[in-house]
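The chain contents come next:
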Amino acid sequence: MTAGLSDTAGIPHTEGINYTGSKLRLLPYIIEEIRNLDVKDILDGFSGTTRVSQALSQLGYDVTANDISEWSEVFGHCYLLSAKPDSFYRPFIEELNSLEGYDGWFTGHYGGDSPLGKRPFQIHNTRKLDAIRDRIDEYDLDFTDRSVLLTSLILSLDSVDNTLGHFASYLAGWSARSYNTTAIKSICS
Ligand SMILES: C[S@@+](CC[C@H](N)C(=O)[O-])C[C@H]1O[C@@H](n2cnc3c(N)ncnc32)[C@H](O)[C@@H]1O
């Protein structure tokens, strides 16, 4: 191996949630190894955030992502299959960001003041999440376009979370970023 952790030359930009199992830091090594192989088609089993799939796809490989998690399937559709321009998603994103939050399922289970005592997100953000998540299901979109909006929503929540990258645990106090208000932006395309 010749790539180093600080060597980002030739490593495509990828997006993903803050996830302890992500291979983001290993991408230089993975790519270096694969570059030496005479392959065109790659199966990214256990694709998780799809960062590996994203990087290899951008490098021109034909990538198939596979994972048991539904969120990973959503990421896969967003990053590997969506082909529409930003302008297609912009009206949806604008409407979603303008919605009034409300106390729904996410707030009841994951809002900072929930009776269950979980603190992965502050309540002003789970209220927005409840409104946006419901509205996305009301749009008449195919799975890939829906995945773009869902991935945008997941990433936006990730930027205001109160964890260290593992959603089974969260910080006892509030992280500075958890006070920010989430806003989604168009991605994947
Ligand atoms: C460490 S993560 C993968 C990290 C990924 N390469 C990345 O960079 O984000 C492991 C993944 O394996 C998936 N997984 C676990 N058991 C699985 C199974 N039986 N079949 C497919 N995926 C599975 C999990 O859902 C999880 O996303």
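Cut-offs used in this document
- Residues numbered from 1 in each chain as written.
- Predicted model: local features only at pLDDT ≥ 70, side-chain atom pairs only at ≥ 80, totals over all residues.
- Heavy atoms only, no water.
- Buried < 20%, exposed > 50% of the residue type's maximum accessible area, 1.4 Å probe, protein only.
- Helix = DSSP H or I, 4+ residues; strand = E, 2+ residues; numbered from the N terminus.
- Pairing = 2+ DSSP bridges.
- Right-handed = clockwise from strand over helix to strand, strands pointing away.
- Contact = heavy atoms within 4.5 Å.
- Near = heavy atom within 4 Å.
- Polar contact = N/O pair within 3.5 Å; in protein donor to acceptor, adjacent residues only side chain to side chain.
- Areas by Shrake-Rupley, 256 points an atom, 1.4 Å probe, with all protein chains shown as cover.
- Nonpolar A, V, L, I, M, F, W, Y, C, P; charged D, E, K, R; others polar.
- Core = buried A, V, L, I, M, F, W, Y, C linked by side-chain atoms within 4.5 Å.
- Domains from an automatic or database assignment.
- Axes fitted to C-alpha atoms, helices over the stretch in contact; angles between N-to-C directions.
- Parallel < 35°, antiparallel > 145°, perpendicular 65-115°, else oblique.
- Left-handed = near helix turned anticlockwise from the far one by under 90°.

Caption draft 1: Inspection of the pairing of strand β1 (residues 41-45) at higher detail. Here β1 shows a buried face lined by I42 and D44 and an unburied face lined by D41, L43 and G45. Bridging between β1 and strand β2 (residues 62-66) involves 5 bridges; their strand directions are parallel. Along β2, the bridge assignment pairs D44 with A65. Handedness of the β-α-β unit built from β1, helix α2 (residues 51-58) and β2 comes out right-handed.

Caption draft 2: Looking closely at unusual backbone geometry. Backbone geometry at F46 places phi at a positive 60 degrees, although glycine is not the residue there. If you trace the backbone, F46 turns up in the loop between β1 and α2. A residue is classified by how much of its surface remains accessible, and F46, at 79% relative accessible area, is exposed. Within the chain, T50 stands out as a residue other than glycine whose phi angle is a positive 70 degrees. Mapped onto the fold, T50 is located in the loop between β1 and α2. Relative accessible area serves as the criterion here: at 0%, T50 is assigned to the buried category.

Caption draft 3: Structural view of α2. With 6 of 8 residues buried, α2 lies mostly within the body of the structure. Within α2, burial applies to R51, V52, S53, Q54, A55 and L56. If you follow the buried residues of α2, they end up packed against α1 (27-35), β1, β2 and α3 (70-81). One or two steps after α2, the chain reaches G60, where phi turns positive at roughly 100 degrees.

Caption draft 4: How the structure looks around the site of the ligand. Taken together, Y19, G21, S22, K23, F46, S47, G48, T49, N66, D67, I68 and S69 make up the full set of residues near the ligand. In this structure, a nitrogen atom belonging to the ligand sits 3.4 Å away from a main-chain N or O atom of F46. One of the side-chain nitrogen or oxygen atoms of S69 is found 2.6 Å away from an oxygen atom of the ligand. Protein chains shield 72% of the accessible area of the ligand, which is 610 Å² for the free molecule. Each residue belonging to the shell around the ligand can be placed in one class, and the counts come to 3 nonpolar, 7 polar and 2 charged.

Caption draft 5: Structural detail: the nonpolar core. Grouped together as the largest cluster of nonpolar side chains are 23 residues, with contacts concentrated most on L96, I136, L149 and L153. Contributions of two or more residues to this core are made by α3, α4 (86-98), α6 (123-138) and α7 (143-158). Considering every element that reaches this core, the biggest residue donor is α7, with 6 residues. Two domains share this core, each providing at least three of its residues, namely domain 1 (24-81) and domain 2 (86-179). Filtering out sequence-adjacent residues up to four positions away, L153 remains in contact with L129, I132, R133, I136 and I184.

Caption draft 6: Representation of the packing of α4 against α7. Direction vectors running N to C along α4 and α7 enclose 45 degrees, while the axes themselves pass 11 Å from each other. It follows from the interaxial angle that α4 and α7 lie oblique. You can see that α4 and α7 cross each other, and the crossing is right-handed. Seen from α4, the contacting residues are F88, Y89, F92, I93 and L96; seen from α7, they are D145, V148, L149 and S152. A per-class count over the contact of α4 with α7 returns 7 nonpolar, 1 polar and 1 charged.

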